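# Results of the structural survey
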Protein chains: 2
Amino acid sequence: MSLSEKMQEKRNKIKQVALELFAQQGYINTPVRDIIEQSGFGTGTFYNYFNNKEDVLKSLLVDFMDEILTAVHDYYNIEEDLYKRFIESKRVVIEVFARNEALAEIYSRVAGISENIDHCFQEFEHRFLLFSTRNIQYGIEKKVFKDVPVEPVANAILAIMKYAVYKWIVLKEISQVEMMDMVISFHDTLALGLIREDPGSERYPG
Amino acid sequence: MSLSEKMQEKRNKIKQVALELFAQQGYINTPVRDIIEQSGFGTGTFYNYFNNKEDVLKSLLVDFMDEILTAVHDYYNIEEDLYKRFIESKRVVIEVFARNEALAEIYSRVAGISENIDHCFQEFEHRFLLFSTRNIQYGIEKKVFKDVPVEPVANAILAIMKYAVYKWIVLKEISQVEMMDMVISFHDTLALGLIREDPGSERYPG
């Protein structure tokens with residue numbers, strides 16, 4: 001193993017330990033010394049990789065958010081039907097949350113906790129909204145979707161997904177299946193108003 | 001002033017001081033001794049009214065949530081047109097947030113902070129969702145709305161409002177006017193799919 005691989009491994013170990021502690025006892029209730037002790041490394045090693053506890057949180061969130069954006073991006077590349085894209089890309093996102101319970105819980109609980117974390121969410125949400133608005137805008141150009149204001153719809157799509165995840169992992173009011181059903185059903189209803197039924201539409205682009 | 005009025009006044013004073021401190025420096029970063037010092041009362045007085053800092057937060061949130069629910073309830077009593085109700089009741093809610101900036105910020109930042117606060121949000125959201133689902137259900141029965149699954153739509157309505165408030169007061173990405181426009185525009189689009197256009201509908205009940 002090279003030096004840089006060893007460093008990467010240590011960094012990942014610290015993140016993994018922090019993830020488990022944040023999920024178990026909450027981010028606020030986890031002192032940095034717990035992370036250091038559980039990782040088995042010394043204090044100096046921790047501070048070689050991270051400035052503080054928030055820095056570890058940010059690193060975990062950025063990885064998770066990248067996984068979500070990559071999943072949407074990859075799905076868009078394999079599915080060209082705009083209606084299917086509109087509905088099924090949300091299934092892809094919810095599946096990322098569903099298979100990462102600890103990260104989903106941290107994501108749902110730490111929004112608003114500090115300005116640094118605010119910026120982290122802001123950047124992710126900008127990129128996510130860009131995917132959505134572009135896809136809907138493209139559907140409008142292709143006359144598959146009606147010419148509605150795009151931004152509010154894109155924001156609502158992000159909002160219902162965040163809220164469904166919160167109901168599942170924080171409030172524990174719904175199961176994974178119910179979370180998925182809620183998001184898909186809402187998009188079906190939204191699509192009732194969005195999809196043009198006239199013959200001018202080109203549902204399959206290109 | 002009666003004894004109970006004096007007690008109510010002291011209680012309100014503590015809440016008001018806490019509200020300002022939470023908004024200025026954040027809930028997590030406000031020690032209970034700051035609230036006690038700024039209120040001008042002794043430690044004993046504080047603990048006559050509240051068990052701890054979280055208790056004050058809960059009391060502030062419950063008042064605010066009641067104000068929101070009362071505003072929706074009152075609006076439903078004066079507006080019978082189901083389409084107008086569907087759109088304009090959201091304007092009423094956003095107006096409550098807009099005129100209570102400090103509470104809106106606290107509301108947006110503390111969700112997920114502890115189980116006690118989770119329960120507080122949960123109760124409010126249940127009651128809010130009940131208003132929405134009943135109104136949509138009634139619209140379906142009156143054949144004003146299409147027969148769509150109601151719960152996911154009600155959840156999305158709550159979600160977009162929470163998200164618009166968060167973008168306004170936490171991320172500071174949109175103005176009050178843009179927050180309102182986002183919510184109203186989304187409901188207009190959603191209504192495109194929800195409203196039945198056939199003559200069997202009774203838009204004005206009763």
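Refer to the preceding data block for the structure.
Residues numbered from 1 in each chain as written. Chains lettered and ligands numbered in written order. Predicted model: local features only at pLDDT ≥ 70, side-chain atom pairs only at ≥ 80, totals over all residues. Heavy atoms only, no water.

## A look at the overall build of chain A
- The helix and strand inventory of chain A stands at 9 helices and 0 strands.
- Listing every helix and strand of chain A by position from the N terminus yields α-α-α-α-α-α-α-α-α.
- A principal-axis box enclosing the C-alpha atoms of chain A has dimensions of 70 × 40 × 30 Å.
- Residues classed as buried in chain A amount to 54% of the 206 residues present.
- A total of about 9600 Å² of accessible surface is found on chain A, and carbon and sulfur atoms cover 48% of it.
- If the 24 positive side-chain charges of chain A are averaged to one point and the 32 negative ones to another, these points end up 1 Å apart. (Helix = DSSP H or I, 4+ residues; strand = E, 2+ residues; numbered from the N terminus. Buried < 20%, exposed > 50% of the residue type's maximum accessible area, 1.4 Å probe, protein only. Areas by Shrake-Rupley, 256 points an atom, 1.4 Å probe, with all protein chains shown as cover. Lys, Arg positive; Asp, Glu negative; His and termini not counted. Charge placed at Lys NZ, Arg CZ, Asp CG, Glu CD.)

## Points about empty space enclosed by the protein
- Considering all chains together, one arrives at 6 cavities of 30 Å³ or more under this definition.
- In this structure, the largest cavity spans a volume of roughly 350 Å³.
- For the largest cavity, the lining is made up of 15 residues, of which A111 and K162 of chain A together with A111, K162 and Y166 of chain B are closest to its centre.
- Taken together, the residues of the lining of the largest cavity sort by class into 10 nonpolar, 2 polar and 3 charged. (1 Å grid on protein atoms, 1.4 Å probe; cavity = no way out; pocket = protein on both sides within 12 Å on 5 of 7 lines; lining within 4 Å. Points joined across faces, edges and corners; volume = space filled by probe spheres on them. Nonpolar A, V, L, I, M, F, W, Y, C, P; charged D, E, K, R; others polar.)

## Considering the layout of surface pockets
- If you add up the space inside the largest pocket, you get close to 470 Å³.
- Taken together, 28 residues form the lining of the largest pocket, with E105 and R109 of chain A together with G112, I113 and S114 of chain B sitting closest to its centre.
- At the level of secondary structure, the elements contributing two or more residues to the lining of the largest pocket comprise α1 (3–25) and α6 (101–110) of chain A together with α4 (53–78) and α7 (115–141) of chain B.
- Residues of the lining of the largest pocket, tallied by class, amount to 13 nonpolar, 8 polar and 7 charged.
- Estimates place the volume of the second largest pocket at around 410 Å³.
- Taken together, 23 residues line the second largest pocket, and the ones lying closest to its centre are G112, S114 and D118 of chain A together with E105 and R109 of chain B.
- Sorting the residues of the lining of the second largest pocket by element identifies α7 (115–141) of chain A together with α1 (3–25) and α6 (101–110) of chain B as the ones contributing at least two each.
- Each residue belonging to the lining of the second largest pocket can be placed in one class, and the counts come to 10 nonpolar, 8 polar and 5 charged.

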